[in-house]
Amino acid sequence: MTNLILLGPPGAGKGTQAKRLEQRYRIVQLSTGDMLRAHVRDGSEIGKQAKAMMDRGELVHDNVIVAMISDRIEQPDVERGFILDGFPRTVPQAQALDGLLKWKRRELDRVVLLTVKDDELVERISGRYSCANCGASYHDANMKPKVPGVCDFCGAKDFRRRADDNAETVRERLKNYYGQTAPLLPYYREKGILREIDGMADADTVTAQIIKVIDGK
Ligand code: ADP
Ligand code: ADP
Ligand code: ZN
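Described below are features of the structure shown in this document. Worth saying up front: this structure is predicted, and the values here are computed from it rather than measured.

Conventions adopted
Per-chain numbering applies: the sequence of each chain, read as written, is numbered from 1 onward. A letter from A marks each chain and a number from 1 marks each ligand, given out in the order of writing. The predicted nature of this model means local features are confined to residues of pLDDT at least 70 and side-chain atom pairs, given and counted, to a pLDDT of 80 or more, with totals for whole chains, interfaces and linings taken over all residues. Here the side-chain values reflect all heavy atoms present in the structure, with hydrogen atoms and water set aside. In this text, near means that some heavy atom of the residue lies within 4 Å of the molecule or strand in question. Side-chain atoms alone can form a polar contact between residues adjacent in sequence; in general such a contact is a pair of N or O atoms within 3.5 Å, and within protein one must be able to donate a hydrogen while the other accepts it. Methods summary: accessible areas were calculated by the Shrake-Rupley approach with a probe of 1.4 Å, and residue burial reflects only the protein chains presented. Elements are defined by DSSP. Helices are runs of H or I of four residues or more, strands are runs of E of two residues or more, and each kind is numbered from the N terminus. Side-chain classes follow a simple rule in which Ala, Val, Leu, Ile, Met, Phe, Trp, Tyr, Cys and Pro form the nonpolar group, Asp, Glu, Lys and Arg form the charged group, and the remainder, Gly included, forms the polar group. Burial status follows relative accessibility: with a 1.4 Å probe on protein chains alone, a residue under 20% of its type maximum counts as buried, one over 50% as exposed, and anything between as partly exposed. Note on donors: an N, O or S atom is included if it sits within 2.8 Å of the metal, or within 3.2 Å for Na, K and Ca, and water is never included, so sites can look incomplete. Working rule for geometry: tetrahedral if four donors all subtend angles between 85 and 135 degrees; square planar for four, octahedral for six, if opposite donors exceed 155 degrees and the others stay between 65 and 115; irregular in every other situation.

**Some thoughts on the site of ligand 2**
Step number 1: In the neighbourhood of ligand 2, 18 residues make up the surrounding shell, with Lys-14, Thr-16, Arg-128, Ser-137 and Tyr-138 lying closest.
Step number 2: Contact between ligand 2 and Gly-13: an oxygen atom at 3.0 Å from a main-chain N or O atom of the residue.
Step number 3: Between a nitrogen atom of ligand 2 and a main-chain N or O atom of Ala-201, the distance comes to 2.9 Å.
Step number 4: Contact with the protein chains removes 93% of the 560 Å² of surface that ligand 2 exposes when unbound.
Step number 5: Going through the elements one at a time, α1 (14-25) and β6 (137-139) are the ones with two or more residues in the shell around ligand 2.
Step number 6: Considered class by class, the residues forming the shell around ligand 2 number seven nonpolar, seven polar and four charged.

**Observations concerning unusual backbone geometry**
Step number 1: Cis geometry is adopted by the peptide bond preceding Pro-88, which originates at Phe-87 and carries an omega value of -5 degrees.
Step number 2: By the secondary structure assignment, Pro-88 is in the loop between β3 (81-85) and α5 (91-103).
Step number 3: One non-glycine residue, Arg-26, lies in positive phi territory at about 50 degrees.
Step number 4: Take Arg-26: it is sitting in the loop between α1 and β2 (28-31).
Step number 5: In this structure Arg-26 comes out as exposed when scored by relative accessible area, which is 58%.
Step number 6: Positive phi outside glycine occurs at Arg-105, with the angle close to 55 degrees.
Step number 7: Along the polypeptide, Arg-105 turns up in the loop between α5 and β4 (110-115).

**Looking at the coordination of the zinc ion (ligand 3)**
Step number 1: Distances from the zinc ion (ligand 3) to its protein donors, Cys-131 (SG), Cys-134 (SG), Cys-151 (SG) and Cys-154 (SG), fall within 2.3 to 2.4 Å.
Step number 2: Seen from the zinc ion (ligand 3), its four donor atoms lie at angles of 100 to 114 degrees, and the figure they make is tetrahedral.
Step number 3: Between consecutive donor residues of the zinc ion (ligand 3), the sequence gaps follow C-x2-C-x16-C-x2-C.

**Topic: the site of ligand 1**
Step number 1: Around ligand 1 sit 19 residues, and of these Thr-32, Arg-37, Glu-58, Gly-86 and Arg-173 come closest.
Step number 2: Interatomic distance of 2.8 Å between a side-chain N/O atom of Thr-32 and a nitrogen atom of ligand 1.
Step number 3: At 2.6 Å, a side-chain N or O of Arg-173 approaches an oxygen atom of ligand 1.
Step number 4: Relative to its unbound accessible area of 550 Å², ligand 1 is 97% covered by the protein chains.
Step number 5: Here the element with the most residues in the shell around ligand 1 is helix α2 (residues 32-42); it accounts for four residues.
Step number 6: By residue class, the composition of the shell around ligand 1 is seven nonpolar, four polar and eight charged.

Spelled out as structure tokens, the structure:
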């Protein structure tokens, strides 16, 4: 069983790497951002509440997020392991996750931090678009699908851009990352499971580094 957190600012490459790790280790990506966007599209109660916060680049309330993750982690496809992407984002979320895993008798193996400079994050987010079917991330300049217009992972031909991927919202999201999410670094460092990787490298190099961290355990 491999249980992993991918940590890092918006645009660091968490989603991109999670998709690759899903295939390699046959574990599942749990992206709270993707789950919330599905709620928004469905027009659910959670979606209605979350949309305004997401559009402003603010964090959605911890209790909503924790409830969503705790339901998802119960599903049978998570049995072999998970890659948490975009969760936890606050210390209370990390504490709730600890409680959940303890109760399920599961352990966190590694927390992998992807570090990327702010200017590069803005650049990456401004050019980001993703597969409408599976959520895989692409970039106008850096990361195009191998076959133009066709998702590498699922073969779908529809792509979309996120409403919150614009320059102003990105600044707000970065501020919230440094204020509310960065305190998770000492939290996991103290547990001895945090590993830092240079997220500025090309995506293949980053994948190789993460694999080293997982397999070297
Ligand atoms: P990114 O990959 O760019 O960091 P996400 O897709 O993870 O963005 O998240 C998009 C938005 O969804 C966030 O700006 C926030 O409003 C909300 N969100 C996602 N995950 C969480 C979380 N764990 N806690 C609070 N809000 C979240
Ligand atoms: P996150 O999930 O952390 O918000 P994404 O995986 O969605 O980040 O990546 C953000 C953007 O940067 C996407 O457009 C993606 O194609 C691109 N990207 C991801 N990894 C790299 C990389 N190593 N180098 C350059 N661009 C990248
Ligand atoms: Zn796809």
